Amino acid sequence: MEPLITGIHHVTAVVSDAQKNIDFYAGILGLRLVKRTVNFDAPEVYHFYYGDESGNPGSILTFFPYPGLAGGRHGKGMLNTTAFSVAVDSMGYWMERFRRWGIATKPPKERFDGELVIYFEDEDGVGLELVFNDKDNRMGFTHGHIPGDHAIKGFFNVEIWEEGYERTAGLLTEQLDHRLIAEKGNRFRFAATDSPGNYVDIICSPDSLKGLPGNGTVHHLAFSTPNAATQQDMRLKIVKRMLNPTPVLDRNYFTSIYFREPGGVLFEVATAGPGFAVDETKEQLGEALKLPAAYEDDRAELEKKLPTVTFDYEKYK
Ligand code: ZN
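All of the points below concern the structure found in this document.

## Examining the overall build of the protein
When its secondary structure is counted, the protein shows six helices and 16 strands. Since a compact globule built from 317 residues should have a radius of gyration of about 20 Å, the 19 Å found for the protein is in line with a globular shape. Dimensions of the protein, computed from the C-alpha atoms along their principal axes, are close to 45 × 45 × 35 Å. Here the contacts in the protein between residues at least 6 apart in sequence split such that 68% fall between residues at least 24 apart. Accessible surface for the protein amounts to roughly 13500 Å². Of this, 52% is attributable to carbon and sulfur atoms.

Right, dumping it as structure tokens:
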């Protein structure tokens, strides 16, 4: 049987300032802003999607910037770190870039074989890493301002802290088509497809405080399913596990179901398509504020309420 889940689709976090978010992710990190829209459940808040050139699943980090949002806390029951994949010989380039923009980093450390990892945070405290490795053939944003050899290729892994890993591991392996592919100390790595962009690391961390939602924290982790039929099959499996999934919701660029995993992290299963080129061309991705049809009549009013933002990447070259 075809797997219902193929890997990671996207990660969504909440932050406090739309402009800082654009400057950090599209400017300093050089990701492509592939979609500028609004939170479909709260349209006076932006929803920004960053990713590779097309916004492929496994590369998409999205944000809801809530102005003035109070700070959250990383901890157990939360996805605390989103790690990006970069070429193994890009470390000099990125260390220089971090120095130039005053971004504090932790010293590099080796995780699994051939993975050199540097931890840093964005201005709101979202936990990030660069994983320098030679096993990722994906192209990043090829015509952005970061030279192609050094561009972020997409995610490498995500890191979830849990009180105990077994119940989450059970959900991943029994319902979500993942398998355990590596472990070291209290880190357990799962994947539906064994390739960068799809690794889900569970850290067994009973001593840490419980994570609290707020500025600088991740809201949910989305897994990718091929199509509407596999999404329905997955929904039934989640129902059978008594995890109470939402109905299928239309997110324009994919459809989604949501449910909370036993450790407390909100999971989503999103369809791989139709993708971000459904309402603007691939060349123009992210250039205009796109609204779902239901909000188009309110566009003028919404644009007045949303903070004004600019997209000047010149100085980040
Ligand atoms: Zn989502």
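Let's pick the thread back up.
## Comments concerning the pairing of strand β8 (residues 127–133)
In terms of burial, β8 is a largely internal element, seven of the seven residues being buried. The side-chain alternation of β8 yields two buried faces, one formed by Gly127, Glu129, Val131 and Asn133 and the other by Leu128, Leu130 and Phe132. For strand β5 (residues 78–87) and β8, the ladder comprises seven bridges, and the chain directions are parallel. Residue pairing in the sheet places Val86 in a bridge with Phe132 of β8. Connecting strand β7 (residues 116–121) to the next strand, β8, in antiparallel fashion are five residues, including Gly125 with a positive phi near 95°.

## What to know about the pattern of salt bridges
For the structure on display, the rule yields 17 salt bridges. For Glu163, the salt bridge identified is with Lys76, shortest N-O distance 2.7 Å. With Glu163 in the loop between β9 (154–162) and α3 (166–174) and Lys76 in the loop between β4 (60–65) and β5, the pair connects residues that are 87 residues apart, well separated along the chain. The buried category is assigned to Lys76, whose relative accessible area is 15%. A salt bridge links Arg187 to Asp201; the shortest N-O distance between them is 2.7 Å. Residue Arg187 is found in strand β11 (residues 187–191), and its partner Asp201 is found in strand β12 (residues 199–204); the two are separated by 14 residues along the sequence. Taking relative accessible area as the criterion, Asp201 reaches 0% and is therefore assigned buried.

## Some details on the coordination of the zinc ion
Taken together, the protein donors to the zinc ion comprise His10 (NE2), His220 (NE2) and Glu268 (OE), at separations of 2.0 Å. Site description for the zinc ion: donor spacing in sequence, H-x209-H-x47-E. Of this pair, His220 sits in strand β13 (residues 217–225) while Glu268 sits in strand β16 (residues 266–271); the two residues are 48 residues apart in sequence, bridging distant segments of the chain. Assigned by exposure class, His220 and Glu268 land together as buried.

## Topic: the pairing of strand β3 (residues 42–51)
When you tally the buried positions in β3, you get nine out of 10 residues, the bulk of the element. Two strands pair when backbone bridges link them, and strand β2 (residues 32–39) and β3 are joined in this way by seven bridges, in the antiparallel orientation. From the neighbouring strand, Lys35 faces β3, where its bridge partner is Tyr49. Linking β2 back to β3 in an antiparallel pair, the connection comprises two residues. Strand direction decides the pairing type here: β3 and β4, joined by three bridges, are antiparallel. Its bridge partner lying in β4, Phe48 is registered against Phe63.

## Thoughts on the environment of Lys290
Relative to the assigned elements, Lys290 resides in the loop between β16 and α5 (293–296). Note: C-alpha distance between Lys290 and Val34 (256 residues apart in sequence) is 11 Å. Not counting chain neighbours up to four residues away, the residues in contact with Lys290 comprise Lys35, Arg36, Thr37, Val38, Tyr253, Asp279, Glu280 and Arg299. A distance of 3.0 Å separates the side chain of Lys290 from the backbone oxygen of Asp279, its partner in a polar contact.

Analysis parameters
- Residues numbered from 1 in each chain as written.
- Predicted model: local features only at pLDDT ≥ 70, side-chain atom pairs only at ≥ 80, totals over all residues.
- Heavy atoms only, no water.
- Helix = DSSP H or I, 4+ residues; strand = E, 2+ residues; numbered from the N terminus.
- Rg over C-alpha atoms; globule rule 2.2 N^0.38 Å.
- Contact = heavy atoms within 4.5 Å.
- Areas by Shrake-Rupley, 256 points an atom, 1.4 Å probe, with all protein chains shown as cover.
- Buried < 20%, exposed > 50% of the residue type's maximum accessible area, 1.4 Å probe, protein only.
- Pairing = 2+ DSSP bridges.
- Salt bridge = Lys/Arg side-chain N within 4 Å of Asp/Glu carboxyl O.
- Donors = N, O, S within 2.8 Å, 3.2 Å for Na, K, Ca; no water.
- Polar contact = N/O pair within 3.5 Å; in protein donor to acceptor, adjacent residues only side chain to side chain.

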